[in-house]
Each structure stands twice: as C-alpha cells, then as structure tokens.
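# Residue-level structural notes
Listed below, chain by chain, are the residues.
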Amino acid sequence: MILPGATDTPAGVPRVVQAEWVDLLGELEAVKNAITATQARLTVALDEATRADEARQSIRAERRGRGVPNQVGAALRVSPHAGAGFVSTSRVWVTQMPHTFAALQAGVLSQWRATLLVRETSHLSLEHRALIDEEICGPAHLTELTRMSTKRLIARIKELAAQLDVHACVKRNAKAVTERRVSIRPAPDLMVYLTALVPMAQGVQAYAQLKATADATKATGDERGVGQIMADTLIERVTTREPGHANDVPVTINLLVSDDTLLAGGNQPAVVVEGAPVGAGVVPAPVARNLAAHAIDTDTAWLRSIYVNPHGRLLATTSTSRFHPQGLASLLRAREQGICATTWCDAPIRHADHVTPHAEGGPTSLDNGQGLCARCNHAKQAPGWAQKATHLNGLHAVETVTPTGHTYVSVAPTPPTPARSGDAGRFIEVVRGTSAPADRDPSTANEANEANRGQDATPTRDRTATPPWTPAVGMTGPAPGRVPRSRYSIGCRTTPAHGAIPYRPSPPPRQPRPTQQSHLAHQPLNRPANRTPGRARARSSRPDLSWPHPT
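Residues numbered from 1 in each chain as written. Predicted model: local features only at pLDDT ≥ 70, side-chain atom pairs only at ≥ 80, totals over all residues. Heavy atoms only, no water.

A separate point is the nonpolar core. Within soluble globular proteins, side chains that are nonpolar generally end up buried alongside one another. By size, the foremost hydrophobic cluster in this structure holds 28 residues, and its most contacted members are Trp93, Leu109, Leu117, Ile132 and Ile136. Listed by contribution, the elements that provide at least two residues to this core are α1 (15–56), α2 (68–76), α3 (80–95), α4 (98–105), α5 (111–119), α6 (126–137), α8 (150–164) and α9 (166–178). When neighbours within four sequence positions are excluded, Leu117 is seen to be in contact with Met97, Thr100, Leu109, Ile136, Cys137 and Ile157. In terms of nonpolar packing, the next biggest core, distinct from the first, is built from seven residues, Val257, Leu262, Val283 and Ala288 among them. (Core = buried A, V, L, I, M, F, W, Y, C linked by side-chain atoms within 4.5 Å. Buried < 20%, exposed > 50% of the residue type's maximum accessible area, 1.4 Å probe, protein only. Helix = DSSP H or I, 4+ residues; strand = E, 2+ residues; numbered from the N terminus. Contact = heavy atoms within 4.5 Å.)

Taken as a whole, the second largest pocket holds about 650 Å³ of empty space. Forming the boundary of the second largest pocket are 15 residues, of which Glu120, Lys158, Arg172, Asn173 and Ala176 lie nearest the centre. Looking at the lining of the second largest pocket, the elements that each hand over two or more residues are α8 and α9. Residue contributions to the lining of the second largest pocket peak at five residues, all from α9. Partitioned by chemical class, the residues of the lining of the second largest pocket number five nonpolar, three polar and seven charged. (1 Å grid on protein atoms, 1.4 Å probe; cavity = no way out; pocket = protein on both sides within 12 Å on 5 of 7 lines; lining within 4 Å. Points joined across faces, edges and corners; volume = space filled by probe spheres on them. Nonpolar A, V, L, I, M, F, W, Y, C, P; charged D, E, K, R; others polar.)

What follows covers α3. An α-helical turn contains 3.6 residues, so a residue and the one three or four places further along point in the same direction. Relative to the 22 Å expected for 16 residues at 1.5 Å per residue, α3 spans 22 Å between its end C-alpha atoms, a close match to the ideal helical length. Of all the residues in α3, the buried ones are Pro80, Gly83, Ala84, Phe86, Val87, Thr89, Ser90, Val92 and Trp93. Looking at the packing, one finds that the buried side of α3 touches α1, α2, α4, α5, α6 and α15 (374–379). (Expected span 1.5 Å × (residues − 1).)

The buried count for strand β12 (residues 395–401) comes to five of seven residues, which makes it a mostly enclosed element. Connecting strand β11 (residues 386–392) to the antiparallel partner β12 that follows it, the hairpin turn spans two residues, and Asn393 within it adopts a positive phi of roughly 55 degrees. Between β12 and the antiparallel strand that follows it, strand β13 (residues 407–411), lie five residues; Gly405 among them carries a positive phi value of about 90 degrees. (Pairing = 2+ DSSP bridges.)

Following both chains from N to C, one finds α1 and α2 inclined at 150 degrees, their axes separated by 10 Å at the closest point. Put simply, α1 runs roughly antiparallel to α2. α2 is crossed by α1, and the crossing has right-handed handedness. Of the residues in α2, those touching α1 at Gln39, Thr43, Leu46, Asp47 and Thr50 are Val68, Val72 and Leu76. Class assignment of the residues belonging to the contact of α1 with α2 gives a composition of four nonpolar, three polar and one charged. (Axes fitted to C-alpha atoms, helices over the stretch in contact; angles between N-to-C directions. Parallel < 35°, antiparallel > 145°, perpendicular 65-115°, else oblique. Left-handed = near helix turned anticlockwise from the far one by under 90°.)

Its location among the elements puts Asn368 in the loop between β9 (364–365) and β10 (369–372). If sequence neighbours within four positions are ignored, Asn368 has contacts with Asp353, His354, Val355, Thr356, Gly362 and Pro363.

Right, let's get into the sheet that holds β11. Spatial ordering of the open sheet is given by β11-β12-β13, a layout of three strands whose pairing is antiparallel. A strand with exactly one partner marks an edge of an open sheet, and here the two such strands are β11 and β13. With strand direction ignored, the average angle separating the axes of adjacent strands in the sheet is 25 degrees.

Moving on to empty space enclosed by the protein. As enumerated under the stated definition, the model contains six cavities of 30 Å³ or more in all. Quantified by volume, the largest cavity comes out at close to 220 Å³. In terms of lining residues, the largest cavity is bounded by 24 residues, among which Asn70, Thr342, Thr343, Trp385 and Thr400 are the most central. Examining the composition of the lining of the largest cavity, we find that four residues originate from one element, α2, more than from any other.

Structural data, given as structure tokens:
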C-alpha cells in the first residue's frame, strides 16, 4: 500500500489507493478501540492490586487506591481528573458490562460510546444494567449497533431504562435539579464560557427572553449581532448595569506582567493567573496594558513587585509557620501561574503544599513549596509516593516518584522576562479588584518588623543588586543591622548567664473533698461585711511556680 507523504499531491492518486486508505482508517480505528479495552483491563488490575497492598498495610477502606488515578493519568498523559474517570469507567466495563467490553475489544464500539453506556445506566441496579448491556451490545445486536448514531444510542438506552425501572429514572431527574449551578472556564482570546446548568423549562424561558430582547433591539437599528446583544443583555441584567455599560464591571484579575511590558511598552506577553476566579492564560502585551490602564482609571489596581534572579527563579522566602502564610501562598500561585504543578494537570491551585512534608523536616519555604489542586495533594499522601524539590535549567522543579517506581518531573513555567539584566530583576503582579488584596499582609519570614511600618513599600537600596532579603509581596526590608524575624517565631529572651528557662506545667487545682462539699452545700454563705456585693473575691497574690527561673 502506498501511504501519502508530505509532498504528495491529491491529483494522480488512483481510486483503488484511496479506497485502501479508507479501509486502513477503519482498521486503525478498530485497533484503537481494542487498545482502549486493553488499557481498561490493565487499569482495573492496577487498581485492585494497589487496594490489596494498602489493605495489608491496614489503611482505611475509603483511602485505598487514592493514588491510582494520578498514576493512570500520568501514564495516559491526561489530567488526574480524566484518569479518575477512566478508572471508574474501566471498572464498570470489566466487572458489570461484559458485552460492552467485548464490543470495545472487537473494535465495534468506540471509547466515547462505551462511556455513554456507563453514564446512562449509572442510576440502575446491576441486574437492569446487565439487561441493557446484553440488549444493546450482545452478539445478536452488534450489526445494529454499528449502524446506530450516538443520539439514537442514547435514546435507546433511556427507553430501555424507563421500561425496566421508571422510579429510578424519576429519582435521577429529581437529583439532577439539585445539581443546578453556574460555572466559568477560560476560552481562547481572553474570553470565558459562563455556563448555567438549570432545569430545562427555566433555561428555555431565559433564552427566549434574551432572544426577544435582542430581536427588539436589533429592529431599532443596532449594529451589533443578535448573539452580541444577547450576551451584553445577560451581563447588564446580572450585574444590574444600565444598557450599554456591560463593560463597566469591576472584577478581580491577577495579571502577571514584566515591568518592561507594563511601563516601557515591551512586547513580553503577560499571564492572567488561573488561580483567580477566572483565568485566561497568556495574553498579548497591549491587552495586558489595557487591562492595567482600565483598572488604574477606575482606581481598582494594586501593584506588587516580585523579584527574580537572572535565571527567572523567584527569590526564596521562608516562614517558621506550619502552613504557608498568605503572602507566601500568593508567590506560589504566581510562580505556577495559577495551575496545579502536577504533570498533565490543568486544575487551578487550591492547596499550598510542602514538597518534603513538614512532618519529615521540610521547611515552609518557596523552594519547598508547590501549588496543587485538592486531588493531587491528597494523592501524594498515599503510600509509596515520594517527592523532592530540584531545579531544571534554573527553574524550580519537582521530581515525583510513584509507587511503581516511575519518575515524573514537573517544571515551573518561565515568568515574564524583567527589563533589567543585572543580578536581579523583577516582574509585577497587577491585582485588579474592588478591594485591597488580602495577601498584602506581611506573612513571610523575611518581612519587615514593626519598626518598619512607616517606610515606603519600595526598597531604597540599589535595585540592580540582589537584596539580602526578598521583598516578595511589596514589603520593605529590615532596618540596617537588624536580622529579619517572622512574627510566627515565638521565643523567650534570657541572659546567657541564666541559660534556658525550663518549663514545668502548673499543678492541677486541688479539688475539695466530697464530704466537705456535701456539708457546705447546706450551710449559708457568710459574706464579709467589708466586701461589696456583686464583686468577686480578690485572689491572694501567690508566686507563679510554673516558670521557675534558675538561680
């Protein structure tokens, strides 16, 4: 067979060769479906083996197999969320729907259509699910299955489910109403998808109202399209804005931009951090400047300088706190650009995590920190997982070793390039919102002391040299000659001659004897004559023996 190459022209290819190409496409699709079935069987085997190993380690049942979705996602090069979906779907194929799995192995059924069979029968019992599995994917119905479109397949599944268990279908519809919600996700070109999951009658009514308003506005000679008018009307009604002012809505956007782009007209792209309520990823430099300018015009912008070394790494900060303070957590989100640090994971950051656990001596620092989603943070707590912080090409990286011995390295993205090329440069995080950002609180170990509150937020030393401390969130450094201390560090100052002060807890208070309590319960209280009624008895001054100072 002659396969097409990059230099082949469409003209001059015989029809016979074209027919062979079509046949090959079909055969490759069947092979792909068969490979998916093999991957499903391997996934179920891995899940069962992992759960058995963890059961022998006396791990609770609800925590067994927690790290399997992350291993499957890394092997398939998809997100851990997609890996978890493949694990659960594969288990149903292998253990509950043998005919569907056989059709997938034979290449007759695609992965998506096999997933629909699992999804549309999730509310049924095992017996009813097995009946639908045989009715649709049984050996006698494979020919009909190959000619059935996806919508007809879904309709056929729903028809059989309603005949077998109508009460389960009604309960499923009632449950769907309780799952109504509004969500938002990024779209290309600095746009977002604002999605509302509502009951069908309400959704149709809302769409009809927006359509009628758009048609009426269009009839008056408006130059906008009907879809544009509907979108603007939706925003105006939700935000209670006047017509024509849909863009005048103050929002919060975390924009990561270099000083060259923001202040000198550079062309370095900026990044809208995903950890914000909405993120759009990389945006062109003119768009970033327009966002910052609009925020400044409306008096809703705050600028924070974040310093980097010549390799693009953020300068290190530490804290003596068990958890990452707000300022340090903001730096982690800025370094990861708001996206989970796990390989192949695109979820927004939800947890500030220690690479080396704090219980194992890992410090609360920028180098030992990483931003993770909730699933990835919980998965790494499973037995057999290990991580260590490293650097790759000057950037922060985390090396993850799974229980099977596979190693994956995730590297932090390169931050916007600063304008300076000296020892240290900086890039700027523009926070646009209706209130001051919460992470202006000085919560890192290299922050200023109370004596420096009145100083300017910009360091007065030469910016071309790396400062001895890191003004990571726009705070000033310690006074000359003073060592920065974290407000989370609590200690007791003693003279060298006395040494350390030993701690001894206070003895418990003496309990009165039961006989005395019963006797005193029947005696009237004799209040002293010189004591004011309503006032508590003054406690006698006794030395506190809980902190005995050595002599």
